[in-house]
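# Results of the structural survey
These are the residues of each chain, in order.
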Amino acid sequence: MNVLIVEDEKALASELEIFLTGNNYLCETCFNGTTASEKIAVNKYDFILIDLGLPDYDGLDLLKEAKQSNAEAACLILTARAEVYDRIKGLDMGADDYLPKPFSLLELQSRMQAIMRRKFGIKNNTVKLGSFSIDLTDRTISHNGVMISAITKKEFDLIAYLILHKNRTLTRPQLSEHIWGSVVNDDYDSNYIDAHIKNIRKKLNVYESPDWLETVRGLGYRITL
Amino acid sequence: MKLQTKLTLFNTVSKLVIVLLFVALLPSLIKTINQNYTDTRLRKQKDKVLQVVHNKGIKFFIEDNEAYASYTPLKEEYVSIEFAPPNELLDTIRNERRAVEGDTIRYRILSHTFKIDKVNYLLEVAKSVNTIGETSTPLQNIAFEVLLSMVILTILADLFYSNYVLRPLSLIIKTKLRGQKFPNFAAYKKVQTSTTDFEYLDMSIHEMIETIERTFQKEREFISNASHELMTPISILQSKIENLFEQEDVSDELKISLLEMQRILNRLKTITKTLLLISQIENEQFLKEDTIGADELLQDVYDEISIRLQQKDITCEIQLPANVRLKSVNKFLLFNLFFNLVNNAIKYNKEGGTITISGQPVKGGFMLRVADTGIGISPEQLPHIFNRFKKFRQSMAQDSFGLGLPIVKSIADFHHVHINITSEENVGSTFELTFPDDLVGV
């Protein structure tokens, strides 16, 4: 997967590159709109991450160019200014997703994966965990073919997010950011994640102990596959 | 008291005082006028009599050495000529009593002596004092009536004029100072007036409003810009920490430190996000185009928050009419509002407590009530609970930074929803949100 990162904040661009490269993406980075515009015209990318606040270029213009010369590419807008009108405008112009800064790299990765699933029309996205099978598209969990309906929406979100980042320890702040993303609320650090995990375990234990859902002491949780 | 009332009252009182004073002085004035007039008439009559004496001789009046006297039938006037001692010289006008045919009457008498053929005569021309004064009372009454009606007329005219001339003032107060959403004022519209003072007042108020508006705008811009500026460095730090986590040679101890950093960063992020949200709401950057059932909205909040309820073993009852819909609202913001409200109700509740969410139509709209059985808010804290950054209940050591209620307030204001809070310590708090009629549909 080829990714073009257009981000004028060098430190952030470099972190994005480190992360995406570590996850087997091929990255190119440019720090200004002019270079990006040239690259878009010449190369083909699977993903273009565009920072809207470029000093020399209007990010939305860059998006327009990308849509013309790199029609196959999935464009994600990254910006500190995520006002409703910008968001609507960006999406209307063909952006595939919108990530307001500051975002978690894991969030970025799962959004990129979601876009890929949409693009390639993956219908049956089922993951096997012990005797459990989790359908990420239909959002269902079944045990030996028996549907488990007790799992709530939030609990499923948690499992799905852990599966997306399988074999990786996710910290409580990371999980919490994903789960409570849209709600601006007053608690910055609470143990609601632990409560959710406890509930999940209790509900799944009725069928079989979910050994694959691990607690990493002092850090967070992990699903090993 | 209104300025117009004051002016009218002053006018009325001052005019009445002048009129009463005038009416009271009227008798003595009339008396003086009458007396002067009578005196002049008496002198003219004297001259006429003397003329007759001169023309026709004294014998025309005095025959057989008898004094002459002539009365009008009602004895109101008389003329008399009689002999006077040779050395007496008189030319006076005085009030004196005279007995005329058995009646004693007060007369204004002109006494004049004259000599004819070395005989001294005394001429008296008189007019009864009663007849002089008798016009005084009717005149006084007429004057009083005429003046009183004039006073009433002028008061009415004053009232009408002051009403006309002061109308721009009430217009300025009504359109510029009251009923305006602070600090978002409507565009400047000049108040029509020909009074320069009001023009000046209107301009000054407008300038003042502009200054206030600019200051508020600056503050909002500052918060918005500062929050935006913070987003990039937070983003960089967050990415750095997440990348460090991925490195295989990082020890678990270091990871725990990183987690601690992540927590602090998350806190910073939430504060910044909250400030940005509030400034976006205050800058009216949200659309109000959604329609959602009240029960549906609260059910969403319940689903989101149920884990927190479970943890504190709190029962949450939702009793809402099924057919109430909230229209022209922002769903995301209202969700945030109720989420924070219910979240607070959980945070400050007792273990095993209850939260009751109910709704009912009220005059002018629909009221949603969130009541808890929590620790309550003390009366001295109650006026400050919507203050940004004013953190209370610190002794509770809650994971909170007191921005939940400012969010609630900003969102409610944005939707013109009125909030009323009642609270009793150790009993619980009730938040009543009244949605105006135009936001409620069935």
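Residues numbered from 1 in each chain as written. Chains lettered and ligands numbered in written order. Predicted model: local features only at pLDDT ≥ 70, side-chain atom pairs only at ≥ 80, totals over all residues. Heavy atoms only, no water.

## Notes on the nonpolar core
As a rule of thumb, soluble globular proteins bury nonpolar side chains together. Counting residues in each nonpolar core, the largest one holds 102 residues, and the members touching the most others are B:Phe338, B:Ile355 and B:Phe435. Per-element tally for this core: the top contributor is helix H7 (residues 331-347) of chain B, with 10 residues. Ignoring any residue separated from it by four or fewer positions in sequence, one finds B:Phe338 in contact with B:Leu297, B:Leu298, B:Val301, B:Asn343, B:Leu368, B:Val370, B:Leu433 and B:Phe435. The next biggest cluster of nonpolar side chains, apart from the first, holds 19 residues, and it includes A:Cys30, A:Tyr45, A:Leu63 and A:Tyr98. (Core = buried A, V, L, I, M, F, W, Y, C linked by side-chain atoms within 4.5 Å. Buried < 20%, exposed > 50% of the residue type's maximum accessible area, 1.4 Å probe, protein only. Helix = DSSP H or I, 4+ residues; strand = E, 2+ residues; numbered from the N terminus. Contact = heavy atoms within 4.5 Å.)

## Overview of the UniProt feature "modified residue: 4-aspartylphosphate" (unreviewed entry) in chain A
All names here are of chain A. The feature "modified residue: 4-aspartylphosphate" (unreviewed entry), as annotated in UniProt, sits at Asp51 in this numbering. Residue position: Asp51 is located in strand E3 (residues 47-51). Setting aside chain neighbours within four positions, we find Asp51 in contact with Val6, Glu7, Asp8, Gly59, Leu78, Thr79 and Lys101. (UniProt positions renumbered as here; feature names shortened; annotations may be inferred.)

## A closer look at the sheet that holds strand E12 (residues 428-436) of chain B
All names here are of chain B. One open sheet accounts for 5 strands, arranged E7-E9-E10-E12-E11; its pairing is mixed. Here the strands that pair on one side only, and so sit at the sheet edges, are strand E7 (315-319) and strand E11 (418-424). On average, each strand axis in the sheet is tilted by 15 degrees relative to the strand beside it, whichever way the strands run. Of the strand pairs in this sheet, E11 and E12 are connected by 7 bridges, and their pairing is antiparallel. Counted as the bridge partner of Ser423 is Ser429 from E12. Strands in contact with H7 are strand E9 (354-362), strand E10 (365-372) and E12; relative to E12, the strand with the most contacts, it is inclined by about 165 degrees. (Pairing = 2+ DSSP bridges. Axes fitted to C-alpha atoms, helices over the stretch in contact; angles between N-to-C directions.)

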